[in-house]
Structure formats: structure tokens, C-alpha cells
Amino acid sequence: MCIKDETKIKNSINLKLKVMKKLNLILVIAVLLSAPFFQSCEKNEVPPKTESIIPESFKVDIPDAISSANTQKSAMLANVDTLQGNDIYQHLRTFIYVGESAADLVQNIMLGIAVYDINHAMSLSYESDEDGRIKNLEVIEGSTFDGQSWEYELTITDANSTSNADEGKALQVFWNVSPVRGIAIIKPYNCNRNESASSPDAMFKVTYSEAGDMGYDKHMIIEIAELPLEDPLENCYSISSLKMFVGRNGDVVDVYGNTDHPNAIFINGDVGFDWAFAASSSKINDIGVAEVGLPSNSLDASDRTTLLETYSIKNVFSEQIYDQWPTIDSVSVQTFLHNTEAPGFFDRNGFIQGGTAPNSQYDNLITSMMNLTPYNPLDIKNLSISFK
């Protein structure tokens, strides 16, 4: 392979990674900044605490090995002749962290509401400290949603927006007390107009269960929709939607899901990709193993082989490199893409290596991961969230 062609490959992928790192940081900050939303959805004065019907837990913790806010740019590409796996798999940890941050937001809301000792049907109005707008809070006993019956329903609305199409709804929670099961839906714009003016349509949804269904002791499903896209000329890798499943059995935490990137471009000019992933991790050892696929975001497929093998990182990058430079030397390309081998292995510090497990501690995680399949990319592209 000539030096010119090799330089083109490195520059193309290096540019992609640099822009995606910027995206990840922006998205993580956006989710974290949503933390004040729950404050604006609370009554201003905190009464003395007694018993509450609000669940004390509404999320599954994810080991740091596969969930991290660390988006620091790696400088490795400038000095080596292989694509560093850390530059690829690190995005997985960031996207999982974004989803977990949305679950943290819901957990914080539940804890914030719990201090008001809600133990029966009630309603009240208050002025938000965050955006100065009047909010209405109502709790009813007995409700139905998503084809299920719930013991309780809590709704918070922006009082001056009730005539809007979304009826001003900021938060809805449906839940059962024993075992704890529930669904929480949030529209940040109606919680805090000051913090979310740039994303008026964004919505989050967390489904949580401790009932032992879906084969796990506890699990949650996180959905994020209608995130605003950046100008593709400045950042073509911004995310439109996310859906992620997290389940825990004993020490093992399984995660699978997708993020949608409608304007994403890698090497050959094809536009619109889905980041599909499956991962298993150990909380005790803080290690994890993962596979990542990069199918088109309009692909209508649900089988694991297609999503994670046919469209593996290595396969997608290889195909696009050869499409861009048909006569390029294959040995050099394979060497260059060596660290994109699947699966990727992690510890608490991040990516370790691809392809071969560092030790036998990962064996049961590999077995668990192989039973996980991401969602259909087309479904994630069309993902929508709505209140009752």
C-alpha cells in the first residue's frame, strides 16, 4: 500500500473519531444538565418525612467498565499504523453512560418526590424555582398504561401549557409497590423552560421492574427520542434517539441497545448509521465484554448475526475502505484494522484489547453476551415517546 493511501485512511478515520468524541461530550453534558429538571418538578417546601409509596429504587446500576463519561481524545492514531480499539469501543461506554444518566435522572426525580410523603391520591400546585412557572402535581390510585394496570399514577404539568398538544405534561410515572414495577416518562422542556429551550421535543422513558420478568432479577429499558441534531456540516454524528436494555442477575449486568445517527458519514460517503451493541459485565470485578455493529439506520433487521457480525466495526470499515480505494493493499488494511476485532474487552479503566480475552474471568461474560441482540435499527430510527 502506498503512503498516500494509508494517510488517507488514517486521516478519514481520525477525523471521524475526533468529531464523534466532540458529539459524545456534548450529549453527555446535555443529559447531565437535565439533573435540575427534577428540582423544577418538586414542591418548593419540604415537609417532615414519614412513609411514602414512592419506590426507593428505579434503576439498575451499570459497572464503570462499560459505562463511562470519559470522552478524552486519544492521540494514538497519529503515531501508529493500526486503528486503536480504544478509539472505537470507548464510544460504547459513553453511549451506555448517556442512557444510564437518563435513568439517574428518573431515580433522582423519584427520590425528590418521595420526601413529600405521597401515600394516597392528592393534588397541588406550586411555583417552580427553576423557571418560575406554575406546575400542577396530581397522584391518582388505579390507572392503566401500555396495556397494563398500575396501582398509582403521578402526573406533573406546566400549568400555562395545558392547552398545548402535549397538554403541558412534564412527568408521568406509573408504578406498583410490591414488587416494584413502573414506567416514567419525562419531557424536560415542560419541567424547566430555562434549561431545555434548545430541545423542546426531547423525551425520556424508563421502564423498570424488580418482578423477575424478562429473565432477570431486575431490569430497566431506557428510551430517549427527539434529540435535536446539530448542523451536519459542523457535526454529522449527533444522535437522534437511543434505546437500551439493562438487566441484572446476581453479579452479571447485561446491556444491549442502539443509538441512531441520521447524518453520520464514515469513509465512503454513505449517510445514516445505527450504533448497535451488546455487552455483559461483572460488578464485583468491574470488567466487561462487548460487540459493536454499525448497520445503516434504515436497516430492517433484528437478528444478531446481521447486526453484530455482518455489520461489525471491522467489516464496515473494511468495506468502505475498499469502496473508496479499490486497489489498496489488503495486508496493510488488515494490519491497520487489527484492533477493531470483536469482541472488545474492558476493565474499570476502559478498553483493554479486542478479539482475545485477557484472562478466564471473562469466560462467563462472553457466554452471556452471546445471548444478547440489539434492537431493529429501523425501529430506533422511528422511535417515539408519548404521555398517556
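Residues numbered from 1 in each chain as written. Predicted model: local features only at pLDDT ≥ 70, side-chain atom pairs only at ≥ 80, totals over all residues. Heavy atoms only, no water.

## Remarks on the overall build of the chain
Right, so step 1: Along the backbone of the chain there are nine helices and 13 strands.
Right, so step 2: For the chain, buried positions account for 56% of its 388 residues.
Right, so step 3: Sequence-distant contacts, at least 24 apart, represent 63% of the contacts inside the chain between residues at least 6 apart.
Right, so step 4: In the form shown here, the chain has an accessible surface area of approximately 15800 Å², with 48% of it arising from carbon and sulfur atoms. (Helix = DSSP H or I, 4+ residues; strand = E, 2+ residues; numbered from the N terminus. Buried < 20%, exposed > 50% of the residue type's maximum accessible area, 1.4 Å probe, protein only. Contact = heavy atoms within 4.5 Å. Areas by Shrake-Rupley, 256 points an atom, 1.4 Å probe, with all protein chains shown as cover.)

## Regarding the pattern of salt bridges
Between side chains of opposite charge, a pair can form as their charged atoms come close.
Right, so step 1: Taken as a whole, this structure holds 14 salt bridges when the rule is applied.
Right, so step 2: Among the ionic pairs, Asp 104 bridges to Lys 59, the shortest N-O distance being 2.6 Å. Taken together, the positions of Asp 104 in helix α3 (residues 85–114) and Lys 59 in the loop between α2 (37–40) and α3 put the pair 45 residues apart, joining distant regions of the chain.
Right, so step 3: Its relative accessible area of 30% is what places Asp 104 among the partly exposed residues.
Right, so step 4: According to the relative accessible area criterion, Lys 59 is buried, its value standing at 7%. (Salt bridge = Lys/Arg side-chain N within 4 Å of Asp/Glu carboxyl O.)

## Side note on the nonpolar core
Right, so step 1: Among the nonpolar cores identified, the biggest contains 71 residues, and Met 220, Ile 222, Met 244 and Val 255 are the most heavily contacted of them.
Right, so step 2: Of the residues forming this core, the biggest block, 11 residues, is contributed by α3.
Right, so step 3: When residues no more than four places from it in sequence are discounted, the contact partners of Met 244 are Ile 62, Ile 96, Gly 99, Glu 100, Met 220, Ile 221, Ile 222, Val 255, Tyr 256, Gly 257, Phe 277 and Tyr 375.
Right, so step 4: Counting 20 residues, the second largest nonpolar core, distinct from the first, contains Phe 245, Val 252, Val 289 and Leu 307. (Core = buried A, V, L, I, M, F, W, Y, C linked by side-chain atoms within 4.5 Å.)

## A closer look at helix α6 (residues 313–324)
Right, so step 1: For α6, with 12 residues, the first-to-last C-alpha span of 16 Å sits near the 16 Å given by 1.5 Å per residue.
Right, so step 2: Residues of α6 that are buried: Ile 313, Lys 314, Val 316, Phe 317, Ser 318, Gln 320 and Ile 321. (Expected span 1.5 Å × (residues − 1).)

## Overview of the side chain of Thr 155
Right, so step 1: Positionally, Thr 155 belongs in strand β3 (residues 148–158).
Right, so step 2: For Thr 155, a relative accessible area of 11% translates into the label buried.
Right, so step 3: There is a polar contact of 3.4 Å between the side chain of Thr 155 and the side chain of Gln 172. (Polar contact = N/O pair within 3.5 Å; in protein donor to acceptor, adjacent residues only side chain to side chain.)

## Some points on the confidence of the model for the chain
Right, so step 1: Averaged over all residues, the pLDDT of the chain is 82; the fraction at 70 or higher stands at 81%.
Right, so step 2: When mean pLDDT is compared element by element in the chain, helix α9 (residues 377–381) scores highest at 98, while α2 scores lowest at 40.
Right, so step 3: Scored below 50 in pLDDT, residues 1–6 makes eight contacts in the model with residues more than four places away or belonging to other chains.
Right, so step 4: This stretch, residues 72–80, has a pLDDT under 50; its non-local contacts, to residues over four places away or in other chains, come to 15 contacts. (pLDDT = per-residue confidence, 0-100.)

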